[in-house]
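The primary structure of each chain is shown beneath.
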Amino acid sequence: WKLEIGNWKLEIGNWKLEIGNWKLEIGNWKLEIGNWKLDVGNWMLIYLRHMEWNESEKLKTALLITGGILHTSDAKTAHGLIRGSERFQVIGVVDEAHAGKDAGVMLDGRDRHIPVFPDVENACQALPHIDYCIIGVATVGGYLPPAIKAVVMQCIRKGISVVNGLHDYLNDMPEMLELARQFNVELIDVRRPKNRKDLHFWTGKIFELKTPVVAVIGTDCALGKRTTCRMLRQACEKVGINAQMIYTGQTGWMQGGRFGFIFDSTLNDFIAGEIEHAILSCQEATHPDVIFIEGQSALRNPSGPGGAEFLVSGNAKHVVLVHAPKRTFYEDLPEWGAIPGPESEIQLIQMYGSKVIALALNTEHCSFEEAKSFQQTYESRLGIPVVLPLEEGVEKLVPYVNALTKTTP
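Since this is a predicted model, take the numbers as computed values, not measurements.

Draft legend 1. Region of the structure containing the nonpolar core. The biggest cluster of nonpolar side chains holds 35 residues, and the ones touching the most others in it are Ile217, Ile246, Ile279, Val319, Leu321, Ile349 and Leu359. Among the elements that make up this core, the one with the highest residue count is helix H8 (residues 271-286) (6 residues). If near-sequence neighbours (up to four positions away) are discounted, Val319 is found in contact with Val214, Ala215, Ile217, Leu311, Ile349, Ser354, Lys355, Val356, Ile357 and Ala358. Among the nonpolar cores identified, the runner-up in size contains 29 residues, and Leu127, Val151, Met153 and Val162 belong to it.

Here it is, written out as structure tokens:
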């Protein structure tokens with residue numbers, strides 16, 4: 001039985017009623033009213049707040065700004081968004097050095113139908129509508145390069161709102177504020193610290209969590225920790241494992257992360273608490289089988305050591321370690337010191353009471369043959385599975401993750 005009158009729909013089989021944006025489904029009992037969802041099957045009530053991912057809403061279109069460095073690791077924000085986002089639909093990139101190319105082909109050889117333009121004018125002429133421009137670079141220290149600032153101001157004059165993931169906040173720049181008011185656009189500083197009232201102090205409740213927590217950490221910065229983490233979540237979801245991801249950087253939020261915080265703009269007293277709060281909030285809302293945490297920096301990177309917080313305060317007892325076999329020095333700077341090998345890092349992680357369950361390789365500067373050789377060598381030496389995320393995916397690790405969901409008490 002089906003009855004349809006305008007936007008009224010009635011279906012009698014498994015009982016469905018739809019009136020505008022009201023939906024009632026009687027089978028496994030579902031009720032949806034606008035942004036409210038009631039799922040009586042899993043006894044879950046969720047209100048999707050402002051700017052939180054809602055799969056029923058059309059994604060806002062975005063133009064990435066990379067200032068001629070799309071090919072470098074400093075454009076890792078753009079790289080992540082080109083690979084995918086549940087918050088924005090990336091429709092173009094402005095990068096004068098790589099105009100005329102496809103951003104996906106440039107990134108990893110995959111055509112994603114994301115054209116690269118020489119300037120904002122050409123992008124606006126070619127693209128039907130642009131909601132946001134996103135500053136797609138992550139510079140050392142998070143400063144806004146003058147050349148990119150000029151491009152951003154051009155976007156504002158075109159009526160395009162701006163998403164900024166740098167530590168130079170647009171809302172602190174009088175000329176930017178005036179321009180934004182003049183052209184009625186929004187300036188979003190993703191990395192602006194939270195107000196004190198919105199921060200959480202560590203409570204210890206994390207020790208009551210039974211769900212396995214897997215931290216994806218690396219031996220250096222800019223290795224692909226977030227990308228590996230996201231790929232693991234997606235691979236698990238494909239086989240029916242309820243996997244969730246805690247984002248800890250601005251790009252993770254831009255890609256649609258629901259649970260997390262911006263690690264490097266959080267007051268140090270509250271980093272442990274924010275990790276705990278993100279994990280427990282995720283647990284309460286989604287009842288996952290496994291939780292992945294996006295790592296930041298590296299345990300021994302002298303410019304900003306990071307990772308121990310996830311193992312200790314986040315109680316992540318399992319680790320996927322990301323390593324670049326051809327990278328010798330931290331961030332390729334000899335004066336910063338040599339990067340220890342994965343064996344040394346695994347031993348250090350064990351001292352924190354956690355176990356490395358797999359190694360993921362960043363194969364920068366490697367041919368495919370070299371990458372496969374490194375993979376085989378490390379598997380033999382370390383006795384753990386080794387994956388090449390960009391070349392072969394991470395599906396090989398899914399059975400190991402699934403085993404954690406069966407053995408964790």
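The discussion continues.
Draft legend 2. Just the pairing of strand S14 (residues 213-218), in detail. Of all the 6 residues making up S14, 6 are buried; the element is thus mostly covered by neighbouring parts of the structure. Bridge count for S14 against strand S17 (residues 290-298) is 5 bridges, and the pairing is parallel. Directly across from Val214, in S17, lies its bridge partner Phe292. Strand direction decides the pairing type here: S14 and strand S18 (residues 318-323), joined by 5 bridges, are parallel. The residue bridging Ile217 from the neighbouring strand is Leu321, located in S18.

Draft legend 3. Region of interest: the pattern of salt bridges. Within the structure shown, the criterion is met by 19 salt bridges. Between Lys194 and Glu274 there is a salt bridge, with its nearest N and O atoms 2.6 Å apart. Placement of the pair is Lys194 in the loop between strand S13 (187-189) and S14 and Glu274 in helix H8, with a sequence separation of 80 residues. Taking relative accessible area as the criterion, Lys194 reaches 38% and is therefore assigned partly exposed.

Draft legend 4. Region of the structure containing the packing of helix H4 (residues 146-157) against helix H5 (residues 174-183). The interhelical angle for the contact between H4 and H5, taken along N-to-C directions, is 20°, at an axis separation of 9 Å. Taken together, the axis directions place H4 and H5 in an arrangement best described as roughly parallel. Remark: the crossing between H4 and H5 carries left-handed chirality. For the pair formed by H4 and H5, the contact residues are Lys149, Val152, Met153, Ile156 and Arg157 on the first element and Glu175, Met176, Leu179, Ala180 and Phe183 on the second. For the contact of H4 with H5, the residue count by class is 7 nonpolar, no polar and 3 charged.

Draft legend 5. The arrangement of H5 in detail. If you check which residues of H5 are buried, you get Met176, Leu179 and Ala180. Down the axis of H5, the buried set is contained in an arc of 100°. They therefore lie on one face. Summarising the geometry of H5, the exposed residues directed more than 90 degrees from the buried face are Pro174, Arg181 and Gln182. Buried residues along H5 sit against H4 and S13. The first or second residue beyond H5 is Asn184, which carries a positive phi of 55°.

Rules and cut-offs
- Residues numbered from 1 in each chain as written.
- Predicted model: local features only at pLDDT ≥ 70, side-chain atom pairs only at ≥ 80, totals over all residues.
- Heavy atoms only, no water.
- Core = buried A, V, L, I, M, F, W, Y, C linked by side-chain atoms within 4.5 Å.
- Buried < 20%, exposed > 50% of the residue type's maximum accessible area, 1.4 Å probe, protein only.
- Helix = DSSP H or I, 4+ residues; strand = E, 2+ residues; numbered from the N terminus.
- Contact = heavy atoms within 4.5 Å.
- Pairing = 2+ DSSP bridges.
- Salt bridge = Lys/Arg side-chain N within 4 Å of Asp/Glu carboxyl O.
- Axes fitted to C-alpha atoms, helices over the stretch in contact; angles between N-to-C directions.
- Parallel < 35°, antiparallel > 145°, perpendicular 65-115°, else oblique.
- Left-handed = near helix turned anticlockwise from the far one by under 90°.
- Nonpolar A, V, L, I, M, F, W, Y, C, P; charged D, E, K, R; others polar.
- Arc of directions from axis to C-beta.

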